Amino acid sequence: MTDAQDLRRRTAELLAAHPPATTDRLEFLRARFDAGLAWVHFPAGLGGLDAPRSLQAVVDTELAAAGAPDNDPGRIGIGLGMAAPTVLRFGTDEQKQRFLRPLWTGEEVWCQLFSEPGAGSDLAALATRAVRDDEGGWVVDGQKVWTSSAHLARWAILIARTDPDVPKHRGISYFICDMTDPGVEVRPLRQITGEAEFNEVFLTGVRIPDAHRLGAVGEGWKVAQTTLMNERVAIGGSRIPREGGMIGVAAADWRARPALRTHYLHQRLLKLWVDAEVARLTGERLRQQLTKGQPGPEGSGMKLAFARLAQEISGWEVEFLAEDGLTYDDWTMRRPDGVDFTGREAGYRYLRAKGNSIEGGTSEVLLNIVAERVLGLPPEPRTDKDVAWKDLPR
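Here we look at the overall build of the protein chain
Tallying secondary structure elements over the protein chain gives 11 helices and 8 strands in all. Taken over C-alpha atoms, the radius of gyration comes to 22 Å for the protein chain, in line with the 21 Å a tight globule of 394 residues would show. Based on the C-alpha atoms only, the size of the protein chain along its principal axes is roughly 70 × 55 × 45 Å. Here the protein chain, with 394 residues, has 51% of them falling under the buried criterion. Look at the contacts in the protein chain between residues 6 or more apart in sequence, and 71% of them connect residues 24 or more apart. Here the protein chain has roughly 18,600 Å² of accessible surface; of this, 53% comes from carbon and sulfur atoms. One finds the centroid of the 49 positive side-chain charges in the protein chain at a distance of 3 Å from the centroid of its 55 negative side-chain charges.

Shown next as structure tokens:
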């Protein structure tokens, strides 16, 4: 069984064969993947060594100390946090071999085609259709929205309705969509920040081979649950040090500007600091649980806490900084590679945090998940549970 000592040995061998100072970045990342040091808990041959997930930190620490390049996780977060676990669990051997390596190295960016204009919180009501063609593949028509990184992506994880004659949760299938194929149109969706990290995606007669289907036909909702659970962990459960992230920025502002301090703002900051530390420690416990299997509904609670804290901390910061909190660097419509919650000014954090309670599942939906699946409370009445999708009012 692989242990920390073995991982340090393997990492040293990687560094000796591919010195970071003289090795091309992409060549190094490919070599790291092939050595099983990309995500050590993945199977051997797929970037891992079947090792405990907790040992990934051993590899990361050794490589960081040696100045090795990373795979720019902020840019490829959807692939790493959502697509990869889903492909690993439901993909065929051919799909795993084809997609996981370029996904991890960042050669191919992924996006997520789930939400629609009429199917956001009620995602299972989605209307995008996938119909069998004469060659056994699928023809997809529909519209998706709130799609992060669609303007950068080569591949997308896509759910579409394949059977309108059954209840909404049972008539969905899950596909991998090539974003460069004919019929895929990406349009920028400008946000309150002035930027367009989100997009609308229009699918018109897009052909997807059946070999790019994940899971059985009609069981896409089951596959999507794996994606959604991992998405919430990826958003709300990232590892940060004590007083890291947004609370660290707020604390630094407090220390740097004594003239702006008041007793009221001090009390609020102390409460936010404690809440952030509780969330951080809860995230550590969640990651320890992940070493034993797939993420559960607890990830929804972490994502809830992340959204609330991001909005409250950024609101505190704007209020503390007074007129300086209202400044904004650039309203130009840009299409960024990712989100930067700590490297921008307070005004950006305040505006961008408004989306945290929507993306990755709205806070209202996540409250229901926590209530029903964690606390065991009675579920809300669902009158459409046994009604065919085609008969639902729209």
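Digging into unusual backbone geometry
Despite not being glycine, Asp72 has its phi angle at roughly 55°, a positive value. The phi angle at Trp146 is positive, at roughly 60°, despite the residue not being glycine. Along the chain, Trp146 turns up in the loop between strand E3 (138–144) and strand E4 (155–161).

A word on the pattern of salt bridges
Under the defined criterion, the tally for this structure stands at 33 salt bridges. Linking Glu372 and Arg382 is a salt bridge whose minimum nitrogen-to-oxygen distance equals 3.3 Å. Placement of Glu372 in helix H11 (residues 363–374) and of Arg382 in the segment after H11 is noted, with a sequence separation of 10 residues between them. Residue Arg382 is classed as partly exposed on the basis of its relative accessible area of 44%. Via salt bridges that share partners, Asp6, Arg9, Arg10 and Glu13 belong to a single interconnected network.

A few points about the packing of helix H2 (residues 25–34) against helix H5 (residues 93–105)
Packing of H2 against H5 leaves a shortest axis separation of 9 Å and a crossing angle of 130°. The pairing of H2 with H5 is recorded here as oblique in orientation. The crossing of H2 and H5 is right-handed. Of the residues in H5, those in contact with Leu26, Leu29, Arg30, Arg32, Phe33 and Asp34 of H2 are Leu100, Arg101, Trp104 and Thr105. Its residues assigned to classes, the contact of H2 with H5 comprises 5 nonpolar, 1 polar and 4 charged.

Overview of helix H1 (residues 4–17)
For H1, built from 14 residues, the straight-helix expectation of 20 Å at 1.5 Å per residue is met to within 8% by its first-to-last C-alpha distance of 20 Å. Inspection of H1 places Asp6, Leu7, Thr11, Leu14 and Leu15 among the buried residues, and these make up the whole buried set. Buried residues along H1 sit in contact with H2 and helix H3 (56–65).

Digging into the nonpolar core
If you look at the biggest cluster of nonpolar residues, it comprises 55 residues, and the most contacted ones within it are Trp39 and Met179. Ranked by residue count, the leading element in this core is helix H4 (residues 77–90), at 7 residues. Counting residues in each nonpolar core, the second largest holds 19 residues, with Ala276, Ala310, Phe320 and Leu321 among its members.

A word on the pairing of E3
A regular strand carries its side chains on alternate faces of the sheet. The pairing of strand E2 (residues 129–132) with E3 spans 4 bridges and is classified as antiparallel. In the sheet register, Arg129 faces E3, and the bridge partner there is Asp141. Taken together, E2 and the strand that follows it, E3, pair antiparallel across an intervening segment of 5 residues, in which Gly136 is found at a positive phi of about 90°. In this structure, E3 lies alongside strand E7 (residues 198–208), joined through 6 bridges in antiparallel fashion. If you follow Val140 over to E7, its bridge partner there is Val206.

Things to note about the side chain of Arg32
Assignment of secondary structure puts Arg32 in helix H2. Apart from residues lying up to four places away in sequence, Arg32 is in contact with Leu14, Leu37, Ala38, Gln56, Val59, Asp60, Leu63 and Trp104.

Thoughts on a nonpolar patch on the surface
Residues Val374, Leu375 and Leu377 make up a contiguous nonpolar surface patch of roughly 280 Å² in combined accessible area. Counting through the fold element by element, Leu377 comes out in the segment after H11.

Observations regarding the environment of Glu359
Along the chain, the position of Glu359 falls in the loop between helix H10 (346–352) and H11. Note: C-alpha distance between Glu359 and Lys303 (56 residues apart in sequence) is 9.7 Å. Within the structure, Glu359 has its side chain in polar contact with the side chain of Arg352 (distance 2.9 Å).

About the criteria used
Residues numbered from 1 in each chain as written. Predicted model: local features only at pLDDT ≥ 70, side-chain atom pairs only at ≥ 80, totals over all residues. Heavy atoms only, no water. Helix = DSSP H or I, 4+ residues; strand = E, 2+ residues; numbered from the N terminus. Rg over C-alpha atoms; globule rule 2.2 N^0.38 Å. Buried < 20%, exposed > 50% of the residue type's maximum accessible area, 1.4 Å probe, protein only. Contact = heavy atoms within 4.5 Å. Areas by Shrake-Rupley, 256 points an atom, 1.4 Å probe, with all protein chains shown as cover. Lys, Arg positive; Asp, Glu negative; His and termini not counted. Charge placed at Lys NZ, Arg CZ, Asp CG, Glu CD. Salt bridge = Lys/Arg side-chain N within 4 Å of Asp/Glu carboxyl O. Axes fitted to C-alpha atoms, helices over the stretch in contact; angles between N-to-C directions. Parallel < 35°, antiparallel > 145°, perpendicular 65-115°, else oblique. Left-handed = near helix turned anticlockwise from the far one by under 90°. Nonpolar A, V, L, I, M, F, W, Y, C, P; charged D, E, K, R; others polar. Expected span 1.5 Å × (residues − 1). Core = buried A, V, L, I, M, F, W, Y, C linked by side-chain atoms within 4.5 Å. Pairing = 2+ DSSP bridges. Patch = residues over 30% accessible without salt bridge, like charges linked within 9 Å, V, L, I, M, F, W, Y side chains within 5 Å. Polar contact = N/O pair within 3.5 Å; in protein donor to acceptor, adjacent residues only side chain to side chain.

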